[in-house]
Amino acid sequence: MRNSLFAFNTDFRGAAMIDGAFRRRLTLVAMVCLSILCQYGELHAETGWVDVRDHKGDLTAAVTAARGRKILISIPTNTINGSLNLPADVQIEVVQGGVIVLAPSATITISGPFSAGLHQVFRGGGRTLFGAGSLKEVYPEWWGVAGKNDENAINAAIDAVSAGDVVLTRTYYIESAPVKMKSGITLKGAGRAISSAGIGAILYNRRASGAALFIGEYVKHITIENIGFCAATTKAGQYGIEMAGDAPRYSKDMLIKANDFYRLDKGIYAHELTYANGWECDHVEVSQNVFNECNIDIHLVSQNTDFWRIANNSFNYLDTGVYLERSGTVSLDTNAGGGVSGKPDNTFVKIHIFGPLTMINNQAEQTDWFLRNTADTGNPYPINMLGNSANAPCKIIGGGLIINSMGNFFSEDVIIDSGNTNITSTQDSFVKGKKFVLKNYSQIASLTSGATIKNRVNAADDQTANSVREMPIATTRDTQVAYLKPWNVRGEHLILYKVHYYYRVVKAATDVRLHLEYNDGTGHQDIDLVPSGMKGVGSYAGNDVTIGATSGTGTGGGIALKVKAGSPNQVYISATIEPITY
């Protein structure tokens, strides 16, 4: 039997023999196969993997042999001493069971692509550095996470990159030292964390005192996102995030977003190391975070903590929501707070020494105080309040304050226990029977609407009319309710002003008089608009008075409308002071 390739001769004993022609054909096929195998071997040698096992665990030898190819690490490498640089054209992949072993003094620099699963990759205590662009994310698991002193693995991950994302995936137990942030790092959880339920990436503070995460001096351009910060119980001295430093050093440009703070003494604590030193911790946004069962949710103690924006946060079961013990310029925007009766402080926002403070669209309930300070600190900066819903009293102590209030809802009294305070109140509303309560000092309030009067001669001289409408005032002393400083037009030039007033007495123990003081160019004038006094309780029609006033020295160079009283009373005032000649 014969075919085109194989030819057999079969003898009578049934034995098969290969004839000469077949042997020649078989030799030809073998040579072709060998040539193909040799070519494949050369191709593999040029583009295939280099397995560190083929070099008996010697990573240095594998790098030399790789010549720009990929290196597979599937076993522990030999211990690396000194420095080893992996070039950008070498890709490293570490699979389960593969570990790069570094002596404590060793450093490995990986400049090319790197990939590994969520398992330990580096061991031995040496330092690992990734070049720019070598990977997108770094995981602490690569340095070993054992459920104890996990800050070591996280800090190694942060140290390994000059900038980029360090991703947390589980609960990490912080025990001996805090996680330390550095510039350019984004520390983020893989998803939204809920500390109380053990969901997401959590930094669990087991330290006797101190923070789970620390931000020191000269740190900038960082983000902390989707991380839970918690402790076993609300214990004094345990913090979530601590920021600290001294002037003239600084830290700035930080975003703390969508984190969860649970059962901590202080959720976020920014302070100067030396009291009154004024460490700069500027341009910080704290937004979309949730605070639960903390003693103080956010605590600032440095007057150079400027341009902090605290927005869209939820403060739950609070004792103190935001405490500006010493702060610079701060805005609070669209935050919500809820307290618990019986807490020692139970205050939504507490202030002491502060810079310009702006509060917009915030609301709080079940707190003892919405906004308060506890001492006269001589603070010269304004408090600006717009569209807030205050379901608790406000109390302001201190002289020389400026309060600009517009469109707020107050369900309780606003207590101003202060001298020489200027209040601008526009379209604020109170629950029936609640009011501005002005205590202890005379001439404490200037209540204005902020309507602009145009100067027909020079637009640069535009000024604000002084107007109040049905402003509730409770006072035991003389109270300034409207004030306008005349324009300084052509020196002591006399300008005519119209003073319109209306009052309604709700409570009067003695006569209450409406009093006007101004300078008419010849000297200080002091007149009673209602000479016989506002006697009894009831409504009284108002009147218009035209006066000529200058920017002279009388009454501080201005026109002052006052309620004169010597005993407890309550009067509702509507008044406007505006120029009628130019």
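Residues numbered from 1 in each chain as written. Predicted model: local features only at pLDDT ≥ 70, side-chain atom pairs only at ≥ 80, totals over all residues. Heavy atoms only, no water.

Asks: Got a minute to help me understand the pattern of salt bridges in this structure?
Replies: Oppositely charged side chains can pair when the atoms bearing their charge come close. Throughout the structure, instances matching the rule amount to 12 salt bridges. Linking Lys188 and Asp165 is a salt bridge whose minimum nitrogen-to-oxygen distance equals 3.3 Å. A residue pair is termed long-range when its members are at least 10 positions apart, and Lys188 in strand β16 (residues 185-189) and Asp165 in strand β13 (residues 164-168) qualify at 23 residues. Residue Lys188 is classed as partly exposed on the basis of its relative accessible area, which comes to 22%. (Salt bridge = Lys/Arg side-chain N within 4 Å of Asp/Glu carboxyl O. Helix = DSSP H or I, 4+ residues; strand = E, 2+ residues; numbered from the N terminus. Buried < 20%, exposed > 50% of the residue type's maximum accessible area, 1.4 Å probe, protein only.)

Asks: Looking at this structure, I do not really get the sheet that holds strand β5 (residues 83-86). What am I missing?
Replies: Sheet strands associate in pairs through backbone hydrogen bonding, adopting either a parallel or an antiparallel arrangement. The strand order β5-β8-β11 describes an open sheet built from three strands, whose pairing is parallel. Each edge of the open sheet carries a strand with a single partner, namely β5 and β11 (127-130). Each neighbouring strand pair of the sheet contributes to a mean axis angle of 10°, computed without reference to strand direction. Looking at chain direction, strand β8 (residues 107-110) and β11 are connected through four bridges and run parallel. When the bridges of β11 are listed, Thr107 appears paired with Arg127. (Pairing = 2+ DSSP bridges. Axes fitted to C-alpha atoms, helices over the stretch in contact; angles between N-to-C directions.)

Asks: Would you explain the sheet that holds strand β29 (residues 314-318) in this entry?
Replies: Strand order in this open sheet of 11 strands is β14-β17-β20-β23-β26-β29-β32-β35-β38-β41-β44, and the pairing throughout is parallel. Among the strands making up the open sheet, the edge pair consists of β14 (171-174) and β44 (429-430). With two bridges connecting them, strand β41 (residues 409-410) and β44 associate as parallel partners. The residue bridging Phe410 from the neighbouring strand is Phe430, located in β44.

Asks: Quick question: what am I supposed to make of unusual backbone geometry here?
Replies: Here Ala247 and Pro248 are connected by a cis peptide whose omega angle stands at 5°. Residue placement: Pro248 occurs in the loop between β21 (238-245) and β22 (250-257). The backbone of Asn149 sits at a positive phi, close to 50°, despite the residue not being glycine. When you line up the elements, Asn149 lands in the loop between β12 (137-138) and α3 (151-160). The partly exposed category is assigned to Asn149, whose relative accessible area is 23%. Backbone geometry places Asn226, a non-glycine residue, at a positive phi of 60°. Exposure remark for Asn226: the relative accessible area of 17% places this residue in the buried category.

Asks: What is the right way to look at the side chain of Asp51 in this model?
Replies: Position of Asp51 relative to the elements: it lies in strand β3 (residues 50-51). A polar contact of 2.7 Å, which involves the side chain of Asp51, links it to the side chain of Arg53. When residues no more than four places from it in sequence are discounted, the contact partners of Asp51 are Leu72 and Ser74. (Polar contact = N/O pair within 3.5 Å; in protein donor to acceptor, adjacent residues only side chain to side chain. Contact = heavy atoms within 4.5 Å.)

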